[in-house]
Amino acid sequence: MKTKNREQSLSDSRELDGSYDQLTDSVEDDFELSTVCHRPEGLDKLQEQTKFNKKELQVLYRGFKNECPSGVVNEESFKTIYSTFFPQGDSGAYAHFLFEAFDTNKNGSVSFEDFVFGLSIILRGTINDRLNWAFNLYDLNKDGCITKEEMMDIMKSIYDMMGKYTYPCMQDEAPREHVESFFQKMDRNNDGVVTIDEFIESCQKDENIMQSMQLFDNVI
């Protein structure tokens, strides 16, 4: 039974990366399995659970496997990978928040399933799906509302990642001003926090936010 599970696990992985070869001998199979911490779900199951087709999943898996040969990525590795996209700034804090959003099981690692489920929402989800995901990213302590302190942490991390280095003359007060503007627009009942309902309602009424959401529709 154990051998059968190992063979199925390897078959699922090869189906994903398009590298299935019936001629690969068993010695190489065992070696490959011994270096991998996690094997993803089968291709058919991932197609059912996401909005990606077979070819898209294979492309995504090849990229993920290239960066994360073990099948999972921890936070430090995630930060290192993410930093290559923003070499002009410090993306560490924002990458931490992003990692927390992808690590839905809260086990300190992101598997291919975690990654592709989140990406499916961001790129192919409904407007409500995407807004819910964004709210979850900003709600740092996951208590169902966004405080000014949480939004300030997010804004600082974004300015560290891009603004401070891209716009050297930007004032230090810029993140705080952005937060105040955010709450003026979103906090409808002026109770000092933004709920999920306030967040979604405000975003849906903002033409710029809606247009930015649509930019992701055909990324892959």
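Since the structure is predicted, the reported quantities are computational estimates derived from the model, not experimental observations. (Residues numbered from 1 in each chain as written. Predicted model: local features only at pLDDT ≥ 70, side-chain atom pairs only at ≥ 80, totals over all residues. Heavy atoms only, no water.)

**Notes on the pattern of salt bridges**
Taken as a whole and judged by the stated rule, the model has 7 salt bridges. A salt bridge links R124 to E56; the nearest nitrogen and oxygen atoms lie 3.0 Å apart. Highlighted residues: R124 in helix α7 (residues 112–124) and E56 in helix α4 (residues 54–67), separated in sequence by 68 residues. Its relative accessible area of 14% is what places E56 among the buried residues. (Salt bridge = Lys/Arg side-chain N within 4 Å of Asp/Glu carboxyl O. Helix = DSSP H or I, 4+ residues; strand = E, 2+ residues; numbered from the N terminus. Buried < 20%, exposed > 50% of the residue type's maximum accessible area, 1.4 Å probe, protein only.)

**A word on helix α10 (residues 174–186)**
Two residues of an α-helix separated by three or four positions point the same way, owing to the 3.6 residues in each turn. Compared with the 18 Å implied by 1.5 Å per residue over 13 residues, the 18 Å span of α10 between its first and last C-alpha is a close match. Turning to α10, its buried residues number three or more, namely A174, P175, V179, F182, F183 and M186. (Expected span 1.5 Å × (residues − 1).)

**Side note on helix α8 (residues 127–138)**
Under the 1.5 Å per step criterion, the end-to-end length of α8 is 17 Å for 12 residues, consistent within 8% with the ideal 16 Å. Of the residues making up α8, those classed as buried are R130, L131, W133, A134, F135, L137 and Y138.

**Considering the UniProt feature "domain: EF-hand" (unreviewed entry) in the protein chain**
According to UniProt, the positions carrying the feature "domain: EF-hand" (unreviewed entry) are residues 90–125, 126–161 and 174–209. The span residues 126–161 shows a helical share of 72% and a strand share of 8%, and its end C-alpha atoms are spaced 28 Å apart. A helix fraction of 69% and a strand fraction of 8% characterise residues 174–209, whose end C-alpha atoms lie 20 Å from each other. (UniProt positions renumbered as here; feature names shortened; annotations may be inferred.)

**A short note on the packing of aromatic side chains**
Throughout the structure, instances matching the rule amount to 15 aromatic pairs. Arranged with centres 6.1 Å apart and planes meeting at 5°, the rings of F78 and Y82 form a pair that is stacked. Placement of the pair is F78 and Y82 together in helix α5 (residues 75–83), with a separation of 4 residues, close to one helical turn. Assigned by exposure class, F78 and Y82 land together as buried. Aromatic side chains Y82 and F86 sit 5.3 Å apart centroid to centroid with 40° between the ring planes, which places their arrangement in the tilted category. (Phe/Tyr/Trp six-rings, centres within 6.5 Å; stacked < 30°, edge-to-face > 60°.)

**Some remarks on the nonpolar core**
One recurring pattern in soluble globular proteins is that nonpolar side chains are buried together. Membership of the largest hydrophobic core comes to 48 residues, with the highest contact counts inside it found for L98, L137, Y138, M151 and F199. No other element matches helix α6 (residues 92–102), which puts 7 residues into this core. Non-local contacts of M151, meaning those with residues more than four positions away in its chain, are made with Y138, I146, V179, F182 and F183. (Core = buried A, V, L, I, M, F, W, Y, C linked by side-chain atoms within 4.5 Å. Contact = heavy atoms within 4.5 Å.)

**What about the packing of α7 against α8?**
The N-to-C vectors of α7 and α8 enclose an angle of 125°; their axes lie 8 Å apart at closest approach. For the element pair α7 / α8, the angle class is oblique. α7 and α8 meet at a crossing whose hand is left-handed. Contacts between α7 and α8 involve G118, I121, I122, L123 and R124 from the former and D129, R130 and W133 from the latter. Looking at side-chain class alone, the contact of α7 with α8 contains 4 nonpolar, 1 polar and 3 charged residues. (Axes fitted to C-alpha atoms, helices over the stretch in contact; angles between N-to-C directions. Parallel < 35°, antiparallel > 145°, perpendicular 65-115°, else oblique. Left-handed = near helix turned anticlockwise from the far one by under 90°. Nonpolar A, V, L, I, M, F, W, Y, C, P; charged D, E, K, R; others polar.)

**Some remarks on unusual backbone geometry**
The backbone phi angle of K142 is positive, close to 55°, even though this residue is not glycine. Looking at where K142 falls in the secondary structure, it is placed in the loop between α8 and β3 (145–147).

**Looking at the packing of α10 against helix α11 (residues 196–204)**
Look at α10 against α11: their axes get within 9 Å of each other, and the N-to-C directions meet at 95°. Classified by the angle their axes make, α10 and α11 are roughly perpendicular. Of α11, the residues touching α10 (which contributes F182, K185 and M186) are E198, F199, S202 and C203. For the contact of α10 with α11, the residue count by class is 4 nonpolar, 1 polar and 2 charged.

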